Amino acid sequence: MGKTVVEKILARAAGRPAVSAGDVVEPAVDLAMSHENGALVINQFLEIYKGTGLAPRVWDPSRIAIIFDHRVPAESPKTATNQKKVREFVAANGITKFHDIRGDLGGICHQILPENGYVRPGAVVLGTDSHTTSHGALGALAFGIGATEMASVWALGTALNVEVPATIKVVVNGKLPPMVGPKDIILRLVGQLTAEGANYRVLEFHGETIRAMSTSGRLTLCNMSVEAGATSGIVPADAETLRYLREEAGVAGTLTPVTPDRDATYVRTLEIDVSKLEPQIACPHTVDNVKPIGAVAGTKVHQIVIGSCTNGRLDDLEIAAGILRGKKVAQGVRMLVFPASGRIYTQALLKGLLADFVQAGAVVMNPGCGPCLGVHEGALGDGETALSTTNRNFKGRMGNPASDVYLCSPAVAAASALAGVITDPRTVTVGGVR
Amino acid sequence: MSDVVLILDDDVSTDVIYPGRYMATVLPTETPQYAFADLVEFNAKLKAKQVPQGSFIVAGKNFGCGSSREQAVSTLKGHELVIIAKGFARIFTQNSVNLGLNIIEAPAIEAAEGDELEIQGDEVINVTRGKRFPIVPLPPARQVLIDAGGLIAYTRRRLMEKSPV
Ligand code: SF4
């Protein structure tokens, strides 16, 4: 019987000839990623060794990645001390894929992993972050786990008792209209599936729209697959994946794409035609509360955020800067821009995009998660509204349960920044003089 | 038998259970103080130890959706609360099993604050209303971890098997 991508990856990683959805396996882990919560992983890791007489030692320091991104630079002595503890552990254990707070090599974990070529097609990637699903964009199986489970992986090198997930096939066809992009596709899909519609399932993306989509766009799709509850999203690796890994991530050596069999078994197939798709908005306070832009256009916004692991890449910044160039952010609106990594920050700087933002009145911040998780900066006042290219709008997500968060694409965010109200980007002109 | 101390809706996210702004606090010994920090009254009761251990929270579908933060589990485990929901999100379920938080999936559950509940075999009994609701058992793959006393104990055992001293 035919196999899906996840079934093939888990069979390989578990050293079995074949596995099927529902089987329980112990896959070897190719990459184990943590961020600041590495501090808790360390704590649980040491706990495991207590009373064993064994010296605590990670199974393979070259397969562990730690990236500081959630609270950079540290917002409190507590975070700074946690980061210090992680740095010491990294040095003591010889962990090489470590990205500290730096303007050149730092950034958000879900951007750092792909752009440094740490994720390969067919790999098993686990991260102590729910948006680890992002890395399925490169044809890997990538999913989020808790800190204790990561401690167990650090000790054993395998994930214990993983149930092979069933797969939902998502076929996306049609040419995206102007000002409509991958974010609108995934918002629409989450709205359709609901926040739990893909629980314990993998979303496997197919169709001509996906084949024509850049890796950046695919990262956006897989990133938000978890918002439908999915264990992961996967785009089977193709020519674009190999191009990205060779040309942008500098990967040499053999790459082996894993593709599904023609007769693979799917629990469900969804077909989406995007040729008439409109910009989509996720309204407070759930990500699946998705409406076409017409339903909320005109809503007053106080803060615009462009960035995050969902939409903080160069193409996102290019779209937004193109809309803002030579114009001004509306009075009474605070616009914050967070490039997803130091590399993207530098590229945007050299292309003049950061100047476009600053001259329009936006504040360009350092790479990192920023206000996405409401802990660090860019908090909202009571009763205020944010429009953001991030991926979650739960009550309190941006730090204040008495505020509203709407989610959108970079194009919608930029167009709305100019007007001060949620605005359809198809109504604005693009590409003013620099 | 214990009381229902809190009723919650569908899709309660980990941001509600343990707000992101307390994420710098990671140790299971310290996280309980921030349980449901934005539900100010309930948090105050928890901190004042007015909620007996073993009390029930009853929620709707997809409880614990969102972030993988383990604090959302350790914060509830610290108060020994029992969570009954119509459904749980994947990572939250796994974290609960790993840390030993008692979560019970009962898709048809009906209860109000103050109701008395009892768990009997594969059923939740709402004693106040005289109704019974079936429990969906955990997959066997997860039961192994519970039987071992959590993931730390289980990993310790596996480690010893792998590299005997
Ligand atoms: S940008 Fe937001 S969603 Fe992405 S890793 Fe950071 S906090 Fe999580």
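Criteria and cut-off values
Residues numbered from 1 in each chain as written. Chains lettered and ligands numbered in written order. Predicted model: local features only at pLDDT ≥ 70, side-chain atom pairs only at ≥ 80, totals over all residues. Heavy atoms only, no water. Helix = DSSP H or I, 4+ residues; strand = E, 2+ residues; numbered from the N terminus. Rg over C-alpha atoms; globule rule 2.2 N^0.38 Å. Buried < 20%, exposed > 50% of the residue type's maximum accessible area, 1.4 Å probe, protein only. Contact = heavy atoms within 4.5 Å. Areas by Shrake-Rupley, 256 points an atom, 1.4 Å probe, with all protein chains shown as cover. Pairing = 2+ DSSP bridges. Salt bridge = Lys/Arg side-chain N within 4 Å of Asp/Glu carboxyl O. Axes fitted to C-alpha atoms, helices over the stretch in contact; angles between N-to-C directions. Domains from an automatic or database assignment. Buried area = accessible area lost by both parts, 1.4 Å probe. Polar contact = N/O pair within 3.5 Å; in protein donor to acceptor, adjacent residues only side chain to side chain. Nonpolar A, V, L, I, M, F, W, Y, C, P; charged D, E, K, R; others polar. Core = buried A, V, L, I, M, F, W, Y, C linked by side-chain atoms within 4.5 Å. Parallel < 35°, antiparallel > 145°, perpendicular 65-115°, else oblique. Left-handed = near helix turned anticlockwise from the far one by under 90°.

Regarding the overall build of chain B
A tally of regular secondary structure across chain B gives six helices and seven strands. Written out in order from the N terminus, the α and β elements of chain B read β-α-α-β-α-β-α-β-β-β-β-α-α. Over its C-alpha trace chain B gives a radius of gyration of 16 Å, about what one expects of a compact globule, namely 15 Å for 165 residues. On the principal axes, the C-alpha backbone points of chain B span a range of 55 × 35 × 25 Å. Buried positions account for 54% of the 165 residues belonging to chain B. Taking contacts inside chain B between residues at least 6 apart in sequence as the whole, the part at least 24 apart equals 60%. Surface summary for chain B: the accessible area is close to 6,900 Å², and the carbon and sulfur share equals 51%.

Quick look at the pairing of strand β5 (residues 116-120) of chain B
Residues and elements named next belong to chain B. Pairing analysis gives two bridges linking strand β1 (residues 2-7) to β5, with the strands arranged antiparallel. Of the residues in β5, the one forming a bridge with Ser2 is Leu117. Sheet analysis places β5 next to strand β6 (residues 123-126), joined by four bridges and oriented antiparallel. Bridge pairing in β6 places Ile119 opposite Val124. The turn joining β5 and β6, which pair antiparallel and follow one another in sequence, is formed by two residues; a positive phi near 60 degrees is taken by Gly121.

Examining the pairing of strand β7 (residues 131-134) of chain B
Residue and element names in this part refer to chain B. As paired strands, β6 and β7 are joined by four bridges and run antiparallel to one another. If you follow Ile125 over to β7, its bridge partner there is Arg132. In sequence, β6 turns back onto β7 through a hairpin of four residues, with Gly130 there showing a positive phi of about 65 degrees.

Some remarks on the pattern of salt bridges
This model, assessed by the stated rule, comprises 33 salt bridges over all chains. One salt bridge connects Arg218(A) with Asp238(A), and the closest N-O pair in it is separated by 2.8 Å. Of this pair, Arg218(A) sits in helix α8 (residues 215-223) while Asp238(A) sits in the loop between β10 (232-234) and α9 (239-248), placing them 20 residues apart in sequence. We note that Arg218(A), like Asp238(A), is buried. Between Arg132(B) and Glu123(B) there is a salt bridge, with the nearest N and O atoms lying 2.5 Å from each other. The exposure class of Glu123(B) is partly exposed, given its relative accessible area of 24%. Through salt bridges that share partners, Arg12(A), Asp30(A), Asp60(A) and Arg63(A) make up one connected network.

Remarks on the sheet that holds strand β11 (residues 268-273) of chain A
Residue and element names in this part refer to chain A. Here we have four strands laid out as an open sheet, ordered β10-β9-β8-β11, and parallel in their pairing. This sheet does not close on itself; its edge strands, each paired only once, are β10 and β11. The mean inter-strand angle of the sheet, taken between neighbouring strand axes irrespective of direction, is 20 degrees. In terms of strand pairing, strand β8 (residues 166-173) meets strand β9 (residues 201-206) through six bridges, oriented parallel. Bridging across to β9, Val170 finds its partner in Phe205. Sheet strands touched by helix α6 (residues 182-193): β8, β9 and β11. Its angle to β11, the strand with the most contacts, is close to 135 degrees.

Quick notes on the domain arrangement of chain A
Residues and elements named next belong to chain A. For chain A, the domain assignment lists domain 1 (5-272) and domain 2 (280-427). Spacing between the C-alpha centres of domain 1 and domain 2 amounts to 25 Å. At the interface, 38 residues of domain 1 touch 37 residues of domain 2. Carbon and sulfur atoms supply 57% of the area that domain 1 and domain 2 bury against each other, a total of about 3,000 Å² over both sides. When residues of domain 1 are sorted by the area they lose upon contact with domain 2, Ile108, Met179 and Lys183 head the list and together hold 21% of the total. At the surface where domain 1 touches domain 2, the tally comes to two salt bridges. A salt bridge links Arg392 to Glu227, with the shortest nitrogen-to-oxygen separation between them at 3.1 Å. Across the domain 1-domain 2 interface, the total number found is 24 residue pairs in polar contact (both at pLDDT 80 or more). Of all the elements in the fold, those that place two or more residues in the side of domain 1 that touches domain 2 are α4 (109-115), α6 and α8. With six residues, the single largest contributor to the side of domain 1 that touches domain 2 is α6. In the side of domain 1 that touches domain 2, the residues fall into 13 nonpolar, 15 polar and 10 charged.

Focus on the nonpolar core
Counting residues in each nonpolar core, the largest one holds 53 residues, and the members touching the most others are Phe45(A), Ile66(A), Leu126(A), Met150(A) and Trp154(A). Sorting the residues of this core by element identifies α1 (5-14), α2 (38-49), β3 (64-67), α3 (77-93), β5 (124-127), β6 (141-144) and α5 (147-156) of chain A together with α6 (151-162) of chain B as the ones contributing at least two each. In contact with Phe45(A), other than residues within four places in its own chain, are Pro56(A), Arg57(A), Val58(A), Phe89(A), Ala151(A), Trp154(A) and Ala155(A). With 44 residues, the next largest nonpolar core counts Val337(A), Ile344(A), Leu353(A) and Leu418(A) among its residues.

Some details on the packing of helix α11 (residues 314-324) of chain A against helix α13 (residues 353-360) of chain A
Residues and elements named next belong to chain A. Two numbers describe how α11 lies on α13: the axes approach to 9 Å, and their chain directions differ by 45 degrees. Between α11 and α13, the crossing angle belongs to the class labelled oblique. Handedness of the crossing formed by α11 with α13: left-handed. Between α11, through Leu314, Leu317, Glu318, Ala320, Ala321 and Leu324, and α13, the contact on the second element is made entirely by Leu353, Asp356, Phe357 and Ala360.

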